Each structure stands twice: as C-alpha cells, then as structure tokens.
Amino acid sequence: MAAILRLPGGARDASEIVEALLVAAGTRDTTAPQLAARWRAIADDIGDALDKLPVPKTHQEQN
C-alpha cells in the first residue's frame, strides 16, 4: 500500500520522523519487540523512499 506524506519541512521533516521511529523502537526492544520491529520497518521504508527522491536543484545567483 502506498501513502502520500505531506510535510511542511519536506524531506528534512521526514528524516526527523525516521530518526524518532528508530529511537522509539530502541526503547521498546525488550518490552515490545514486535512493535519495535514494526517501527524499524516503517523507518526503513520511509528512508528508502527518501533515497529515491531526486536531488533538489539549487538556483545560483547571477552576478
């Protein structure tokens, strides 16, 4: 299943979500290992999608 995630900060916000999922998964390793694994899988999927995005174009100032 695919989902569209719209974030005001773009890829930067998405990378923060990935980091938060990984930190949260680390806290649940012993108490809820299945949930931790699910959160890691979601973080991996988002990270893979971010890796597939085109490199942003930068606009150079004209002198």
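Our structure is the block above this text.
Residues numbered from 1 in each chain as written. Predicted model: local features only at pLDDT ≥ 70, side-chain atom pairs only at ≥ 80, totals over all residues. Heavy atoms only, no water.

### Looking at the overall build of the protein
How we decide: For helices the rule is a DSSP run of H or I covering at least 4 residues; for strands it is a run of E covering at least 2, with both sets numbered from the N terminus onward. As a reference, a globule follows 2.2 Å times the number of residues to the power 0.38, and the radius of gyration itself is taken over C-alpha atoms. For every residue, the accessible area (1.4 Å probe, protein chains only) is compared with the maximum for its type, and the residue is labelled buried under 20%, exposed over 50%, or partly exposed between those bounds. Areas reported here follow the Shrake-Rupley algorithm with a probe of radius 1.4 Å; residue values treat only the protein chains shown as occluding. Lys and Arg are tallied as positive, Asp and Glu as negative. Neither His nor the chain termini are counted. Here the site of a charge means NZ on Lys, CZ on Arg, CG on Asp, or CD on Glu.
Secondary structure summary: the protein contains two helices and zero strands in total. Against the globule reference of 11 Å for 63 residues, the protein gives a C-alpha radius of gyration of 16 Å, more extended than a compact globule. On the principal axes, the C-alpha backbone points of the protein span a range of 60 × 25 × 20 Å. Per-residue burial over the protein gives 16% buried out of 63 residues. When the accessible area of the protein is evaluated, it comes to approximately 5700 Å², of which 55% is carbon and sulfur surface. Each charge sign in the protein was given a centre, from 7 positive and 9 negative side chains, and these centres are 6 Å apart.

### Thoughts on the nonpolar core
Cut-off, in case you're wondering: What makes a nonpolar core is a set of buried Ala, Val, Leu, Ile, Met, Phe, Trp, Tyr and Cys residues whose side-chain atoms join them at distances within 4.5 Å. In this analysis, two residues are considered to be in contact whenever any of their non-hydrogen atoms come within 4.5 Å of each other.
Ala14, Val18, Leu21, Ala43 and Ile46 form the largest nonpolar core, which has five residues in total. At the level of secondary structure, the elements contributing two or more residues to this core comprise helix 1 (11-27) and helix 2 (33-52). In contact with Ala14, not counting residues within four places along its chain, are Leu7, Ile46 and Leu50.

### Side note on the pattern of salt bridges
To keep it simple, the criterion reads: Just to be clear on terms, a salt bridge is a Lys or Arg side-chain nitrogen sitting within 4 Å of an Asp or Glu carboxyl oxygen.
For the structure shown, the criterion picks out one salt bridge. The shortest N-O distance in the salt bridge between Asp29 and Arg40 comes to 2.8 Å. Taken together, the positions of Asp29 in the loop between helix 1 and helix 2 and Arg40 in helix 2 put the pair 11 residues apart, joining distant regions of the chain. With relative accessibility at 29%, the residue Arg40 sits in the partly exposed group.

### Points about helix 1
Note the following rule: Here, expected helix span is obtained from the residue count minus one, scaled by 1.5 Å. Working definition: the arc comes from the directions between the helix axis and the C-beta atoms, pointing outward to the latter.
Over its 17 residues, helix 1 runs 25 Å from end to end, which matches the ideal 24 Å to within 8%, given 1.5 Å per residue. Within the sequence span of helix 1, burial applies to Asp13, Ala14, Val18, Leu21 and Ala25. Along the long axis of helix 1, the arc covered by the buried residues comes to 150°, so they all point the same way. The outward face of helix 1, more than 90 degrees from its buried face, is lined by the exposed residues Arg12, Glu19, Val23 and Thr27. Buried residues belonging to helix 1 abut helix 2.

### Concerning the environment of Arg38
For Arg38, the location among the structural elements is in helix 2. Owing to a relative accessible area of 54%, Arg38 belongs among the exposed residues under this scheme. On a C-alpha basis, the gap between Arg38 and Leu22 in space is 10 Å, while along the polypeptide they are 16 residues apart.

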